[in-house]
2 protein chains.
Amino acid sequence: MENDELPADVAAMWRLRETPRRGPKPSLTLDDIVGAAIEIADAEDLAAVSMARVADRLGNSTMALYRHVKSKDELLVIMSDAALERPDPMPEGVDWRTGLTFWADGVLTAIRRHRWYAKVPISGPPAGPNNLAWFDSALGVLKDTGLPEEAKVGVVMGLITYVQGEIRMAFDLAAGYADNPDAFQRFGSTLRRVADPRVYPAVARSVEAGVFDEVGSFEEDNEADFDFGLQLYLDGVAAFIDRVCVKGE
Amino acid sequence: MENDELPADVAAMWRLRETPRRGPKPSLTLDDIVGAAIEIADAEDLAAVSMARVADRLGNSTMALYRHVKSKDELLVIMSDAALERPDPMPEGVDWRTGLTFWADGVLTAIRRHRWYAKVPISGPPAGPNNLAWFDSALGVLKDTGLPEEAKVGVVMGLITYVQGEIRMAFDLAAGYADNPDAFQRFGSTLRRVADPRVYPAVARSVEAGVFDEVGSFEEDNEADFDFGLQLYLDGVAAFIDRVCVKGE
DNA sequence: CTAAATAGCGTAGCATCTACGCAGTGTCGC
DNA sequence: GCGACACTGCGTAGATGCTACGCTATTTAG
């Protein structure tokens, strides 16, 4: 095997690690470990994932895990690739704009099943099989736009950044809301108390208009915000495509 | 004082906590603590900020800090507001688009001085004095667009999300790059080895085109990507403004 | 059957956050 | 001036976390 040059975590995600031939049979698989870690993170939180808890859930001792995983960080990286299922196949013959909307909605629902996903720090370009599948799906939608390859990659990376950023913020806010709903409900009155209109005139205008006083249903609001921001970004992409290649799609 | 209704962290950020009248003089200020924590985070990392290290740097014991701060999380929230200096005043009479570009560049340079900022989880709407100043600045730029207040807030929140997401991802990637530059330099060849063109056709096309083989200077690339995505978003905002209020700006 | 390679795991070290309660100190009311 | 009281700082200790190291048991190649 010539996978010496592959980074360790990439090799692990593609299950390319050399299988040894001698020695006792492993009572533990990488898949077991990753699966248990994902279950814990789904049920509680990414912070609840500790090597001890994962091992406990598998009936093994903590240190046994380190035969299969080099460090906890590596486990997190592998988890985050495994948790994303493959994207649904793109409907045939869609234009790039509906395609990317479809794609972004797919990302949103996929991550909704594993809210901790947005908290794993991104350490590099998408290198695992599942992340790469999503990347490929978005890139494929742009095939007929006439953009040069590099620009396609740029557009998709920007989209990933937007979607992840939006999701992360939405989930953080939702967690804050769950912790302390009052802080949100009373945000308007908090601002009225604390924000001097002479120092914060624009905020004061919005406060006066009552923008911060109605707190709608959280989930639905987020869905709407997500689409709103997404369409703004896609408007920008459309303008970009027109600018770059005048022949259009 | 009638600040009973204010959330504890908000009261702390605005320095509205009741000053006691009896008892020994505090040898420690909230400002001291926050300042020391920021210094540690600037010099090393957000992960390096522990109550013990902060106390050490101040020549106090760990537990002394808990007289001024309810928990470490509260300290993080207060830190993240204190670290953002006030925005530069907006140039007089700019149109909204150059204004928001100016604003976004300001955020970028402000956070560049405190890279850990992007790692603090957002727990609610911007409630500290500095964060609120930035919020006000962006909101003020949209004054003459004719958008309803709620839409302005939506646009600014979307912009914050985009900017923070972009910055966070850029910094995460930069950290990953610093850890392991090879993974980036060889990303093209990694993909060639691991990504079957039949499964990942669009990725394969980009790989073939050599998109992943040239790794430019990191800082400059990021600056360009940031502006690129920002302009896309602003194009979207422009379209939105036209759609909502036809009379224009 | 022997020897090598490999799996699991016990121990221990180190760092983290923080609950609890005690001792000392400075101020207010009289 | 003087006592009572409120408040500060801090020591201890527990809970939890990651992981280096090395021992023992197990399995298979030869």
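Residues numbered from 1 in each chain as written. Chains lettered and ligands numbered in written order. Predicted model: local features only at pLDDT ≥ 70, side-chain atom pairs only at ≥ 80, totals over all residues. Heavy atoms only, no water.

Chain A goes by TetR family transcriptional regulator in an unreviewed UniProt entry, where it is assigned to Kribbella pratensis.

Enquirer: Go over the interface of chain B and chain A with me, naming the residues and quoting the values.
Expert: A common measure of how large an interface is: the accessible area buried when the components associate. Facing 68 residues of chain B, the contacting portion of chain A comprises 68 residues. Around 5,900 Å² of area is buried between chain B and chain A when both sides are counted, 69% of it from carbon and sulfur atoms. When the buried surface of chain B facing chain A is broken down by residue, B:M169, B:R193 and B:Y200 rank first, second and third, together holding 11% of it. Viewed at the interface, chain A and chain B are joined by two salt bridges. When the shortest N-O distance is used, the salt bridge between A:D235 and B:R243 registers 3.2 Å. Linking chain B with chain A are 14 residue pairs in polar contact (both at pLDDT 80 or more), by the criterion used here. When contributions to the side of chain B that touches chain A are tallied by element, the ones reaching two or more residues are α6 (129–141), α7 (149–179), α8 (181–185), α9 (187–194), α10 (201–208) and α11 (218–244) of chain B. The element best represented in the side of chain B that touches chain A is α7(B), accounting for 14 residues. Considered class by class, the residues forming the side of chain B that touches chain A number 41 nonpolar, 12 polar and 15 charged. (Contact = heavy atoms within 4.5 Å. Buried area = accessible area lost by both parts, 1.4 Å probe. Salt bridge = Lys/Arg side-chain N within 4 Å of Asp/Glu carboxyl O. Polar contact = N/O pair within 3.5 Å; in protein donor to acceptor, adjacent residues only side chain to side chain. Helix = DSSP H or I, 4+ residues; strand = E, 2+ residues; numbered from the N terminus. Nonpolar A, V, L, I, M, F, W, Y, C, P; charged D, E, K, R; others polar.)

Enquirer: Give a description of the side chain of A:E149 that names residues and reports values.
Expert: Within the fold, A:E149 resides in helix α7 (residues 149–179). Of note is the side chain of A:E149, whose polar atom sits 3.0 Å from the side chain of A:K152. At a separation of 2.6 Å, a polar atom in the side chain of A:E149 contacts the side chain of B:S206. Look past the residues within four positions of A:E149 in its chain and what remains in contact with it is B:R205, B:S206, B:A209 and B:V211.

Enquirer: Tell me about the protein's contact with DNA strand D, and please be specific about residues and values.
Expert: Neighbouring DNA strand D are 26 residues; A:M51, A:Y66, A:K72, B:S27 and B:R67 lie closest to it. When the atoms of DNA strand D within 4 Å of the protein are grouped by moiety, sugar and phosphate amount to 60% of the total. Backbone polar atom of B:L28 to a phosphate oxygen of DNA strand D: 3.4 Å apart, as the coordinates give it. For DNA strand D, a phosphate oxygen lies 3.2 Å from a polar atom in the backbone of B:S61. In terms of residue class, the surface near DNA strand D is made up of 11 nonpolar, eight polar and seven charged. (Near = heavy atom within 4 Å.)

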